[in-house]
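Each chain, written out:
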Amino acid sequence: MDTLFWLAVATVVIVLFFDYTNGFHDAANIVATIIASRAMTPAQAVMVVGVFEFLGPLLGGTAVANTIGKFVDLSSVDAHLAVLILFCGLLGAIVWNLATWWFGIPSSSSHALVGGLAGAVVAAVGSEYVIWGWSPLMQDGKLIGVMKVLVSLFLSPLLGFWVGFLVFRIGRKLMAGARPTANSTLRKLQFLSAATLAFSHGANDAQKSMGMLTLVLLLGGFIPKFEVPFWVVLACATAITLGILSGGWRIVRTLGFAIYRVRPLHALSSQLTSGLLILSASVVGAPVSTTHVVATSIMGIGYSERPRAVRWKKAVDIAKTWVITIPASALTAIVCYALARIILGQH
């Protein structure tokens, strides 16, 4: 019991650290367009975002947490091994998050989590313990397990692109003939749109960690059923907010300047698009990537105005990272699991 307890404690710490790196990694996604359009100073942006990021998990429900916590089934696995698998899966996701942050690449923490956990499970006990969800989708059109996560992650950037395209077109028509002083109003409106984006990010991304932490408690035998305790919500809200306040500033330049030149109307359109899409996904329990949605909304806005001005090469580089994130984080988690076995003397 002591061994299981301390293993669970270590895994809870890893979950919260993943939540922190998620916020740290995604801070740029939320503040990049605000800073690039000069609506706020970095200090103002981080303070506004930090407050609403914290409120998101507290008020956003647990639908996404339920999805994330149920795409693997380790109920029949020994408790010690099950918790160790979660530990290694999360460690793989954290390593990938930090690596992409270091190189200033906006990758998906959601993809990293899915890849890391699936990789650790397959390496430790086999693919049958992952709820792939392929058969229910083909037979009944029902989305569960990994398929629900992947479909959400696949559709969200497409929606980000085209909704961003439409929102900007509508905004430009509404602003036709407006004087340059209108930019001041657009910058002020970004306080509201940035708050919406931060709230939706907290409501969606922190729930992924809430789901993982609750799964640790369930598999360790510390709670009787999969139900997110309030202290888990509070802990994850705190961790992701601290990550946001720390800020992944290496990625701000990529999202705010390297894809398309962002001005006030572009920034407002991107924030509204991203905030509403992510908030909608949170309501239906669909885990999406803030990185994907923000980046593709900027691309859609640029394509709507001046397609040739969009730096498509940078967009391609980001897309390549999206493609490799799941297998790369899975491989990293497998390596972590192999090292854990060696350290524990389970050759």
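What you see is a predicted model, and the numbers here were worked out from it, not measured in a lab.

Reading the values: rules and limits
- Residue numbers here run from 1 along each chain, matching the order of that chain's written sequence.
- Side-chain atom pairs in this predicted model are given and counted only at pLDDT of 80 or more, local residue features only at pLDDT of at least 70, and totals for whole chains, interfaces and linings cover all residues.
- For the side-chain quantities, the full set of heavy atoms in the structure was used; hydrogens and water were omitted.
- Secondary structure elements follow DSSP: runs of H or I of four or more residues count as helices, runs of E of two or more count as strands, with numbering from the N terminus.
- We call two residues in contact whenever any of their non-hydrogen atoms come within 4.5 Å of each other.
- Note on areas: Shrake-Rupley with a 1.4 Å probe; residue coverage comes only from the protein chains shown.
- Counted as positive: Lys and Arg. Counted as negative: Asp and Glu. His and the chain ends are not counted at all.
- A charged residue contributes its charge at one atom only: NZ of Lys, CZ of Arg, CG of Asp or CD of Glu.
- Ring pairs are drawn from Phe, Tyr and Trp, using the six-membered ring of Trp, whenever the two centres fall within 6.5 Å, and their geometry is named by plane angle: stacked under 30 degrees, edge-to-face over 60, tilted for the rest.
- Three labels apply to residues, based on accessible area from a 1.4 Å probe with only protein chains included: buried if under 20% of the type maximum, exposed if over 50%, partly exposed otherwise in between.
- Residue count minus one, scaled by 1.5 Å, sets the expected span of a helix.
- Fitting axes to the seven residues that end at a residue and to the seven that start at it, the angle between those axes gives the bend at that residue.
- By salt bridge we mean one thing: a side-chain nitrogen of Lys or Arg within 4 Å of a carboxyl oxygen of Asp or Glu.
- Between N-to-C directions, angles span 0 to 180 degrees; the directions come from axes that are lines fitted to C-alpha atoms, helices contributing only their stretch in contact.
- Reported orientations rely on four angle classes, namely roughly parallel under 35 degrees, roughly antiparallel over 145, roughly perpendicular from 65 to 115, and oblique for the rest.
- By definition, turning the near helix anticlockwise from the far helix through less than a right angle yields a left-handed crossing, and turning it clockwise yields a right-handed one.
- Any residue that is not Ala, Val, Leu, Ile, Met, Phe, Trp, Tyr, Cys, Pro, Asp, Glu, Lys or Arg is counted as polar, Gly included; the first ten are nonpolar and the last four charged.
- Residues enter a nonpolar core if they are buried and are Ala, Val, Leu, Ile, Met, Phe, Trp, Tyr or Cys, with the set joined through side-chain atoms within 4.5 Å.
- Note on disulfides: each one is a pair of cysteine sulfur atoms within 2.5 Å.
- Confidence per residue, as judged by the predictor, is encoded in pLDDT with a range of 0 to 100.

Engineer: Please clarify how the overall build of the chain should be interpreted in this entry.
Structural biologist: When helices and strands are counted, the chain shows 13 helices and 0 strands. Going from the N terminus to the C terminus, the chain shows its helices and strands as α-α-α-α-α-α-α-α-α-α-α-α-α. Within the chain, contacts between residues separated by at least 24 positions form 84% of all contacts whose residues are at least 6 apart in sequence. As displayed, the chain has an accessible area near 14,700 Å², and 69% of this comes from carbon and sulfur atoms. Within the chain, one finds 23 positive and 12 negative side-chain charges whose respective centroids are separated by 22 Å.

Engineer: So what exactly am I meant to see when it comes to the packing of aromatic side chains here?
Structural biologist: The geometry of an aromatic ring pair comes down to the distance between the two centres and the angle between the two planes. Counted by the stated rule, this structure contains 9 aromatic pairs. Ring centres of F161 and W162 lie 4.9 Å apart, and the angle between their planes is 75 degrees; on these two criteria the pair is classed as edge-to-face. Look at F161 and you get buried, because its relative accessible area is 15%. Residue class for W162 comes out partly exposed when judged on its relative accessible area of 47%.

Engineer: What am I meant to see in helix 8 (residues 182-219) here?
Structural biologist: Residues three or four positions apart in an α-helix share a direction because the helix packs 3.6 residues into each turn. Under the 1.5 Å per step criterion, the end-to-end length of helix 8 is 55 Å for 38 residues, consistent within 8% with the ideal 56 Å. The sharpest bend along helix 8 measures roughly 30 degrees and falls at F191. For helix 8, a buried count of 28 out of 38 residues is recorded, marking the element as mostly surrounded by other parts of the structure.

Engineer: Sorry, what's going on with the pattern of salt bridges here?
Structural biologist: Side chains that differ in charge, positive against negative, can pair when their charged atoms come close. Tallying each qualifying case throughout the model produces 3 salt bridges. K225 is paired through a salt bridge with E227; the nearest N and O atoms lie 3.5 Å apart. Across the pair, E227 and K225 agree in class, each one exposed.

Engineer: What is the right way to look at the packing of helix 4 (residues 79-102) against helix 8 in this model?
Structural biologist: Each pair of packed helices can be summarised by the angle the axes make with each other and by the distance between the axes. Between helix 4 and helix 8, whose axes approach to 9 Å, the crossing angle comes to 160 degrees. Our classification of the angle between helix 4 and helix 8 gives roughly antiparallel. The handedness of the crossing between helix 4 and helix 8 is left-handed. Every residue of helix 8 that contacts helix 4 at A79, A82, V83, L86 and L90 is listed here: M212, L215, V216 and L219. Partitioned by chemical class, the residues of the contact of helix 4 with helix 8 number 9 nonpolar, no polar and no charged.

Engineer: So what exactly am I meant to see when it comes to the nonpolar core here?
Structural biologist: The tendency in soluble globular proteins is for nonpolar side chains to be buried as a group. Core analysis: the biggest nonpolar cluster contains 51 residues, and V72, L74, L86, V121 and M212 have the highest contact counts within it. Within the residue set of this core, elements represented by two or more residues are helix 1 (2-36), helix 3 (63-68), helix 4, helix 5 (109-124), helix 7 (145-174), helix 8, helix 9 (230-246) and helix 13 (312-343). Looking at this core element by element, the count peaks at 10 residues for helix 4. One finds I30, M40, L197 and A281 within the second-largest nonpolar core, a separate group that totals 20 residues.

Engineer: What am I meant to see in helix 11 (residues 264-283) here?
Structural biologist: When the terminal C-alpha atoms of helix 11 are compared, their 29 Å separation across 20 residues agrees well with the 28 Å that a helix rising 1.5 Å per residue should span. Summarising burial for helix 11: 15 of the 20 residues are buried, a large majority.

Engineer: I would appreciate a short explanation of the environment of G104 in the present structure.
Structural biologist: If you trace the backbone, G104 turns up in the loop between helix 4 and helix 5. Along the backbone, G104 and S329 are 225 residues apart, and their C-alpha atoms lie at a distance of 17 Å.

Engineer: Where do I start with the side chain of T214 in this structure?
Structural biologist: Inspection of the secondary structure assignment puts T214 in helix 8. With sequence-adjacent residues up to four places away left out, T214 is seen in contact with I223, F226, E227, V228, P229 and V232.

Engineer: Hey, could you run me through the environment of A36 in this one?
Structural biologist: Structurally, A36 can be placed in helix 1. Classification of A36 as buried rests on a relative accessible area of 12%. Considering only alpha carbons, one finds A36 and P264, 228 residues apart in sequence, at a separation of 8.5 Å.

Engineer: Please explain the packing of helix 2 (residues 42-59) against helix 8 as it appears in this structure.
Structural biologist: At their nearest, the axes of helix 2 and helix 8 sit 7 Å apart, and the two run at 45 degrees to each other. Taken together, helix 2 and helix 8 sit at an angle that is classed as oblique. Two packed elements cross with a definite hand, and for helix 2 against helix 8 that hand is right-handed. Residues V48, V49, F52, E53, L55, G56, P57 and L59 of helix 2 touch helix 8, and the partners they reach there are F191, A195, A198, F199, H201, G202, A203, A206 and M210. Here the residues of the contact of helix 2 with helix 8 are counted per class, giving 13 nonpolar, 3 polar and 1 charged.

Engineer: Can you help me understand the state of the cysteines in this one?
Structural biologist: The term disulfide refers to a covalent linkage connecting the sulfur atoms of a pair of cysteines. The final tally for this structure, using the stated rule, is 0 disulfides. Free of any disulfide, C236 has its nearest neighbouring cysteine sulfur in C88, separated by 19 Å.

Engineer: When you look at the confidence of the model for the chain in this model, what are you seeing that I'm missing?
Structural biologist: This prediction gives the chain a mean pLDDT of 86; 95% of its residues lie at or above 70. For the chain, helix 10 (residues 252-258) is the element with the lowest average pLDDT, namely 54, and helix 11 is the one with the highest, namely 91.

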